[in-house]
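# Results of the structural survey
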Amino acid sequence: MQYTVTDAPERERFEARDETGALAGVVTYQLTGTIIAYTHTEVDAEFEGRGVASTLARAVMDDARARGRTVVPICPYLSGWLEKHPEYDAIVTRSTRKVK
């Protein structure tokens, strides 16, 4: 299934919708200048396990990169997703880094 992800700045969130327009999930954020903090990822129970969260994660990170923003991943899901996607490291800032 394909999901369309759009920014809804009036709600401070990105929304993922299926082909029928049903809301499948959201990533909330706080934007200050060029710094965007992604605060929460939520997927509707009906859509769990269908790749909605990872689709949202890639979309919000691609959007931040395209807009020249620095990302602060507060959301635990997004933080974990970013550990598996080092191609975004250049735009991510973390207050603490894990020692490898």
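Refer to the structure printed above.
Residues numbered from 1 in each chain as written. Predicted model: local features only at pLDDT ≥ 70, side-chain atom pairs only at ≥ 80, totals over all residues. Heavy atoms only, no water.

In this section: the packing of helix H1 (residues 52-66) against helix H2 (residues 76-83). The contact between H1 and H2 brings their axes to 10 Å, and the two run at 75°. Accordingly, the angle class assigned to the pair H1 and H2 is roughly perpendicular. Side by side, H1 and H2 meet where Ala53, Ser54, Ala57, Arg58 and Met61 of the first sit next to Tyr77, Leu78, Trp81 and Leu82 of the second. In terms of residue class, the contact of H1 with H2 is made up of 7 nonpolar, 1 polar and 1 charged. (Axes fitted to C-alpha atoms, helices over the stretch in contact; angles between N-to-C directions. Helix = DSSP H or I, 4+ residues; strand = E, 2+ residues; numbered from the N terminus. Parallel < 35°, antiparallel > 145°, perpendicular 65-115°, else oblique. Contact = heavy atoms within 4.5 Å. Nonpolar A, V, L, I, M, F, W, Y, C, P; charged D, E, K, R; others polar.)

Inspection of the secondary structure assignment puts isoleucine 74 in the loop between strand S5 (70-73) and H2. When the C-alpha positions of isoleucine 74 and threonine 39 are compared, they lie 5.0 Å apart, and in sequence the two are 35 residues distant. When sequence neighbours within four positions are dropped, the list of residues in contact with isoleucine 74 reads Ala37, Tyr38 and Thr39.

Where strand S2 (residues 13-17) meets strand S3 (residues 23-32), 5 bridges bridge the pair, whose relative direction is antiparallel. Residue pairing in the sheet places glutamate 15 in a bridge with valine 26 of S3. Following S2, the chain reverses through 5 residues before pairing antiparallel with S3; glycine 21 in that reversal takes a positive phi of roughly 95°. Between S3 and strand S4 (residues 35-43), which pair antiparallel and follow one another directly, the connecting turn spans 2 residues, one of which, glycine 33, has a positive phi of 60°. (Pairing = 2+ DSSP bridges.)

Right, let's get into the pattern of salt bridges. Two side chains with opposite charge may pair up if their charged atoms get near one another. On inspection of all chains with the given rule, the structure shows 8 salt bridges. Between glutamate 15 and arginine 13 there is a salt bridge whose closest N-O contact spans 2.8 Å. Arginine 69 is the partner of aspartate 63 in a salt bridge, and the nearest nitrogen-oxygen pair spans 3.8 Å. Ionic contacts of the salt-bridge type, sharing partners, join the residues Glu10, Arg11, Arg13, Glu15 and Arg17 into one network. (Salt bridge = Lys/Arg side-chain N within 4 Å of Asp/Glu carboxyl O.)

In the Ramachandran plot, glutamate 12 falls in the positive-phi region, its phi being about 55° despite a non-glycine side chain. Its place among the elements puts glutamate 12 in the loop between strand S1 (4-8) and S2.

With 25 residues, the main nonpolar core has Tyr38, Val52, Met61, Val71 and Leu78 as its most contacted residues. Among the secondary structure elements, those contributing two or more residues to this core are S2, S3, S4, H1 and H2. The element contributing the most residues to this core is H1, with 7 residues. When sequence neighbours within four positions are dropped, the list of residues in contact with leucine 78 reads Tyr38, Ala57, Met61 and Pro73. (Core = buried A, V, L, I, M, F, W, Y, C linked by side-chain atoms within 4.5 Å. Buried < 20%, exposed > 50% of the residue type's maximum accessible area, 1.4 Å probe, protein only.)

So, about the packing of aromatic side chains. Within the structure shown, the criterion is met by 4 aromatic pairs. A centroid spacing of 6.4 Å and a plane angle of 65° characterise the contact between phenylalanine 14 and tyrosine 38, whose relative ring orientation is edge-to-face. Note that phenylalanine 14 is positioned in strand S2 and tyrosine 38 in strand S4, a separation of 24 residues in sequence. Residue classification places tyrosine 38 among the buried positions, given a relative accessible area of 0%. Cluster of aromatic residues (ring-pair linked, three or more members): Phe14, Tyr29 and Tyr38. (Phe/Tyr/Trp six-rings, centres within 6.5 Å; stacked < 30°, edge-to-face > 60°.)

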